[in-house]
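Here is how the chains run, residue by residue.
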Amino acid sequence: MGSEQQRLAELRSLIAHHNNRYHVRDEPEISDAEFDRLFRELQELEQQHPEWVTPDSPTQRVGAQPREGFPTVEHTIPMLSLDNASNLEELRAFDARLRRFLKREEIIHYTAEPKYDGVAVELRYDEGRFTLGSTRGDGRTGEDVTHNLKTIRSLPLRLQGRPAPKLLEVRGEVFMPLEHFDRLNRGRLAEGLEPFANPRNATAGTLRQLDPRVSASRPLDLFVYGLGRGKESLELGYQSELMTRLAELGFKVNPRCVSGVDIEGVAAFHAELERDRDGLPYEADGTVVKVEEFALRERLGELERSPRWAIAYKFPARQETTQVKKIRCYVGRTGVLTPVAVLEPVRIGGVTVVHASLHNQDEVDRLDVRVRDTVLVERAGDVIPKLVKVVGEKRPSRTRRYRLPSSCPICGSPTVRLEDEVAVRCPNLACPAQVKERIHHFGSRRALDIDGLGEKLIDQLVERGLVRRPSDLFALDQETLAGLEHMAAKSADNLLVAIERSRDAALDRFLFALGIRHVGERLAGVLAQHLGSLEALLKTNHEQLEAIPEVGPIIAESVRAFLDDPANREEITRLRSVLRLAGVPAAARAKSAALKGKSFVLTGTLSEPRATVQERIEAAGGKVTSSVSSRTNYVVTGESPGTKLRKAESLGLTTIDEAELRQLLESER
Ligand code: IVH
């Protein structure tokens, strides 16, 4: 062999080795730059000698030519499915069943692995080279997706170690790591495409791409856990041995598996996995429980569709379909109308779900959700249930698009949609829905903290005309309160004590309690500290407000407009006469400069009004600008980010999502 050919072989094996260290074992030995150098050297050699290129060369992960279709592949040994257990009782029944079948007194040892929500595949290796990869399909016949599987970096194109078995079929699950899944869906939304409903669909869709360049741009990953033909040649006795051997051959096996446990150990593994479910980097929908010893598996054998020796112990589903009964709309403190889908009650992950927020008109339009539609609803962690999509095929006839009402459902005032805003609002400050929310906010813990002023009570107070504005709270008496539903003398007394106590209000809490748009807790503190008194604030004009370092034009405008409104002015006068306002609040935090000089651009739909987010950034010393430039420090992306995101990416800027922004702001405190 010539020295160039020797180098070629050496490069391929070096690259395979470092690829394994990086993508499979997560313990790189060399820098990315060094890896790139090796890779380029190989590319150059192959360019000079095209006749030396083989399909298993690391340069051939992304083949150049799109495919025409997917030939079918027969699974010589069928790829079975699994029977399910959905609770502990059924899990124990499985164990009892096996022991009865085996007439066995002593315990059975099991392996427990996460059940990946992906696509099962079979990978064929001839003389150690990856030659054919197929999906499970119906278990007997799948599709040849070799070209797309080769783009998975953790999939070895050649088996490690010698001698290579003549034929080996390795089985496992291809999945899309959640981080990539989220990114993929954000990108699709930005392009006006339908997002994938879940990571499994995204994986299946990616594996069925005809053009491997598309698959390569949507990184998939692979965990292996089983064998097809060629198993005997490895002479293995136990699942744990198999896993070790698969890792030695260069595959990625999940370290989060246990072996040699009894059925109670399996139950403990499952409970722990479920607890950590939301933090896993991949989607798992349960635990796969397998008899550990292959000799026992032989004796147990197989049923029609599934082996007797394994079972899938499922987590409660997080997605369910149900029907939309109505779409209701709620009016918030600032008058924003929020559409909410009222659902046919459905159990999801142990909780009955009846509502899913639809956020705003844009979201309703994007989903095109209509009354009587069948919809897919998802509950993840403690998050409010989300409407994932409408099941189009199940739409009954004669449905209509939903539009937020043109008049407020509570007070009937014509609603308005300001330019540049997604929100539709009721402009009537006296709208009972707004009044209730305002009273609620006024008495909330971080405002004047009036204990016992709950929602039901506020409803009654407002509906009976006893309270129209916060200052009315201070005129309530024992008799009136005790006469309300669910109120007794004792609770009325307690509430009065709480109201009395709230009269000694700190200025910052008072300013926050007023509910001025864009004046959150933190900004209220800034204003209180800079101005020192309510009197000073009342006299401060727009320019002076803007001169306060953390106040931008939007906030200054909002504060001034609030104070100039005659009704607000009157209410402030009334409140001043009933409260004992303490001057500079002890709690007002000194301004931090951690985000000072940092510039931000916001893009996409954020979970809060843009102005609120802007206020927060400004309050922390940052600046928000409308267009992306190389001087932008952070681009904050919401849902459906627009062209700004693309521009940011092309400039190589740092993009962060809302959660990351929150972390930045918090770390700054
Ligand atoms: S073992 C007969 N292990 O679950 C043995 N399967 O419902 C079955 N799956 O088609 C395969 N994670 O797609 C096994 N750790 C795991 C798994 C797993 C997910 C899938 C696989 C299979 C389906 C059976």
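One can find the structure itself at the top, above this paragraph.
Calculation notes
Residues numbered from 1 in each chain as written. Predicted model: local features only at pLDDT ≥ 70, side-chain atom pairs only at ≥ 80, totals over all residues. Heavy atoms only, no water. Helix = DSSP H or I, 4+ residues; strand = E, 2+ residues; numbered from the N terminus. Buried < 20%, exposed > 50% of the residue type's maximum accessible area, 1.4 Å probe, protein only. Core = buried A, V, L, I, M, F, W, Y, C linked by side-chain atoms within 4.5 Å. Contact = heavy atoms within 4.5 Å. Pairing = 2+ DSSP bridges. Axes fitted to C-alpha atoms, helices over the stretch in contact; angles between N-to-C directions.

Caption draft 1: Structural detail: unusual backbone geometry. In this model, Arg 162 is joined to Pro 163 through a cis peptide bond whose omega is -10°. Structurally, Pro 163 can be placed in the loop between α4 (146-149) and β7 (167-175). The backbone of Glu 235 shows a phi angle near 50°, a positive value even though the residue is not glycine. Judged by its relative accessible area of 71%, Glu 235 falls in the exposed class. Its identity as a non-glycine residue notwithstanding, Asp 449 has a phi of 55°, on the positive side. Residue placement: Asp 449 occurs in the loop between α12 (432-443) and α13 (455-463). With a relative accessible area of 39%, Asp 449 lands in the partly exposed category.

Caption draft 2: Spatial organisation of the nonpolar core. Residues Ile 450, Leu 453, Leu 461, Leu 473, Leu 511 and Val 559 are the most contacted members of the largest nonpolar core, which totals 51 residues. The contact partners of Leu 473, leaving out residues within four places of it in the chain, are Ile 439, Phe 442, Ile 450, Leu 453, Leu 461, Val 467 and Ile 499.

Caption draft 3: Fine view of the sheet that holds strand β20 (residues 623-625). Read across the open sheet, the four strands follow the order β20-β19-β21-β22; overall the sheet is parallel. Because the sheet does not close on itself, it has two edges, and the strands there are β20 and β22 (654-657). With strand direction ignored, the average angle separating the axes of adjacent strands in the sheet is 35°. Of the strand pairs in this sheet, strand β19 (residues 599-603) and β20 are connected by three bridges, and their pairing is parallel. When the bridges of β20 are listed, Val 601 appears paired with Thr 625. Strand contacts of helix α23 (residues 643-651): β19, β21 (634-637) and β22, with the helix running at about 135° to β19, the strand carrying the most contacts.

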